[in-house]
Amino acid sequence: MGLESHSLFYDLLLHTFFSGLHLFHDMAHAPIIFPIIFGIRETPYHPILWMTWTLFQVSLLGRIIFSLLEMHELRKIFGVANGYLILIQFGLMAGVILWKIRQRECPSNLNHNETEKPNPTLDSRA
């Protein structure tokens, strides 16, 4: 009895290929593609995106394992987590772009010490 006879084989095959490989392959190239499509200079790359990528891969693995074990409730939980993590990934990319645009437009907000005037009592030449 091979894996092909498993009741969820087709589901496992499609979601593993399209979600695990293809979708996150596209997201890996998003820092290159998004700026070209949207005509912006900022790239949506930030190390925080690795967190959602890792959690997505873990949830996909959990979905596969619980499908094979025929634990349907846990399979559903991990499947829903897959969907939410995709949405969170896109939201984080948009947030990173907006943060970088704001950072570029308002550099004085980043370093408050540059706007402060020197204290004359601390100046040794006075």
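Residues numbered from 1 in each chain as written. Predicted model: local features only at pLDDT ≥ 70, side-chain atom pairs only at ≥ 80, totals over all residues. Heavy atoms only, no water.

## Side note on a nonpolar patch on the surface
Part 1 of the argument: A cluster of nonpolar side chains, namely Leu61, Ile65, Leu69, Met71, Leu74 and Ile77, defines an oily patch on the protein surface of about 540 Å² accessible area.
Part 2 of the argument: Broken down by secondary-structure element, the contributors of at least two residues to the nonpolar patch are helix 2 (49–68) and helix 3 (72–105).
Part 3 of the argument: Tracing the sequence through the fold places Met71 in the loop between helix 2 and helix 3.
Part 4 of the argument: Judged by its relative accessible area of 37%, Met71 is partly exposed. (Patch = residues over 30% accessible without salt bridge, like charges linked within 9 Å, V, L, I, M, F, W, Y side chains within 5 Å. Areas by Shrake-Rupley, 256 points an atom, 1.4 Å probe, with all protein chains shown as cover. Salt bridge = Lys/Arg side-chain N within 4 Å of Asp/Glu carboxyl O. Helix = DSSP H or I, 4+ residues; strand = E, 2+ residues; numbered from the N terminus. Buried < 20%, exposed > 50% of the residue type's maximum accessible area, 1.4 Å probe, protein only.)

## Section: the packing of aromatic side chains
Part 1 of the argument: The tally for this structure, following the rule as stated, stands at two aromatic pairs.
Part 2 of the argument: A ring pair is formed by Trp50 and Trp53, whose centres lie 5.5 Å apart and whose planes are at 80°; its orientation type is edge-to-face. Of this pair, Trp50 and Trp53 both sit in helix 2, three residues apart, which is roughly one turn of that helix.
Part 3 of the argument: Note on Trp50: relative accessible area 48%, which makes it partly exposed. (Phe/Tyr/Trp six-rings, centres within 6.5 Å; stacked < 30°, edge-to-face > 60°.)

## What to know about the layout of surface pockets
To find the voids left in a structure, one rolls a probe of water-molecule size over its atoms.
Part 1 of the argument: One number sums up the size of the largest pocket: a volume of about 190 Å³.
Part 2 of the argument: In terms of lining residues, the largest pocket is bounded by ten residues, among which Met27, Ala28, Trp50, Trp53 and Gln89 are the most central.
Part 3 of the argument: Listed by contribution, the elements that provide at least two residues to the lining of the largest pocket are helix 1 (9–38), helix 2 and helix 3.
Part 4 of the argument: Of the residues forming the lining of the largest pocket, the biggest block, four residues, is contributed by helix 1.
Part 5 of the argument: Its residues placed into classes, the lining of the largest pocket shows nine nonpolar, one polar and no charged. (1 Å grid on protein atoms, 1.4 Å probe; cavity = no way out; pocket = protein on both sides within 12 Å on 5 of 7 lines; lining within 4 Å. Points joined across faces, edges and corners; volume = space filled by probe spheres on them. Nonpolar A, V, L, I, M, F, W, Y, C, P; charged D, E, K, R; others polar.)

## With respect to helix 3
Part 1 of the argument: Between its terminal C-alpha atoms helix 3 stretches 50 Å, which fits the 50 Å expected from 34 residues at 1.5 Å a residue.
Part 2 of the argument: What helix 3 keeps buried is the set Arg75, Asn82, Leu85, Ile86, Gln89, Met93, Val96, Ile97 and Lys100. (Expected span 1.5 Å × (residues − 1).)

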